[in-house]
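Below, each chain spelled out in residue letters.
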Amino acid sequence: KRSKGYGFVEFRVPEVADVVAEAFNGYMMFGRTIVAKRIPKEKVHENTFLGSNRPLKDILRPKNNRREEMKAREAPKSKEQNDRRITRLVARERRLREKLKESGVEYDFV
C-alpha cells in the first residue's frame with residue numbers, strides 16, 4: 001500500500017509532544033517536509049487511534065514464526081477452502097481466455 005503522506009503520533013506526556021512537535025516541524029525526510037504540531041486532546045477524534053494497541057506482527061514478526069506460517073499455508077485445506085480456490089481459479093482462467101480471444105489469439109487447453 002502507498003503512504004498517504006500523513007500520520008499521527010500519540011504521546012502520554014503533553015510536554016514531550018510539545019518538544020517533538022517543535023523539533024520535527026520543518027524537518028526534511030525522504031524528500032518531504034514534515035509538518036508537526038500538537039493538537040489539543042479535545043480536538044482529537046475518538047477513533048483516531050482505534051486499534052493502535054494491536055501488535056505489528058506482520059511487520060515486526062520474528063524469523064522463527066515464518067516456519068509456523070509456512071506450515072499453516074501448507075496444511076490440508078477444508079472442502080470449502082478448496083471449492084473457493086477452484087472457483088476463483090476457473091474465473092481467472094475464463095477472464096484470461098476472454099482477453100486472449102479479444103486480442104485475436106486462439107487458445108485452447110484441454
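Everything below is about the structure shown above.
Because the structure is predicted, anything quoted here is derived from the model rather than measured.

Student: Help me understand a nonpolar patch on the surface, please; the structure alone is not making it clear to me.
Tutor: Residues Tyr6, Phe8, Ile39 and Val44 make up a contiguous nonpolar surface patch of about 420 Å² in total accessible area. Residue position: valine 44 is located in the loop between strand S2 (32-33) and helix H2 (57-60). Since its relative accessible area comes to 33%, valine 44 is described here as partly exposed.

Student: Would you explain the pattern of salt bridges in this entry?
Tutor: Should their charged atoms come close, side chains of opposite charge can pair. Across all of its chains, the model carries three salt bridges by this definition. Note that arginine 38 is salt-bridged to aspartate 18, the shortest N-O span being 3.5 Å. Linking arginine 38 in the loop between S2 and H2 with aspartate 18 in helix H1 (residues 14-24), this pair joins segments that are 20 residues apart in sequence. Of the residues examined, arginine 38 reaches a relative accessible area of 44% and is grouped as partly exposed. A salt bridge links arginine 97 to glutamate 93; the shortest N-O distance between them is 3.1 Å. Of the two residues, arginine 97 and glutamate 93 both sit in helix H4 (residues 79-102), four residues apart, roughly one turn of that helix. Judged by relative accessible area, which is 30%, arginine 97 ranks as partly exposed. Judged by its relative accessible area of 28%, glutamate 93 is partly exposed.

The rules behind the values
- Residues numbered from 1 in each chain as written.
- Predicted model: local features only at pLDDT ≥ 70, side-chain atom pairs only at ≥ 80, totals over all residues.
- Heavy atoms only, no water.
- Patch = residues over 30% accessible without salt bridge, like charges linked within 9 Å, V, L, I, M, F, W, Y side chains within 5 Å.
- Areas by Shrake-Rupley, 256 points an atom, 1.4 Å probe, with all protein chains shown as cover.
- Salt bridge = Lys/Arg side-chain N within 4 Å of Asp/Glu carboxyl O.
- Helix = DSSP H or I, 4+ residues; strand = E, 2+ residues; numbered from the N terminus.
- Buried < 20%, exposed > 50% of the residue type's maximum accessible area, 1.4 Å probe, protein only.

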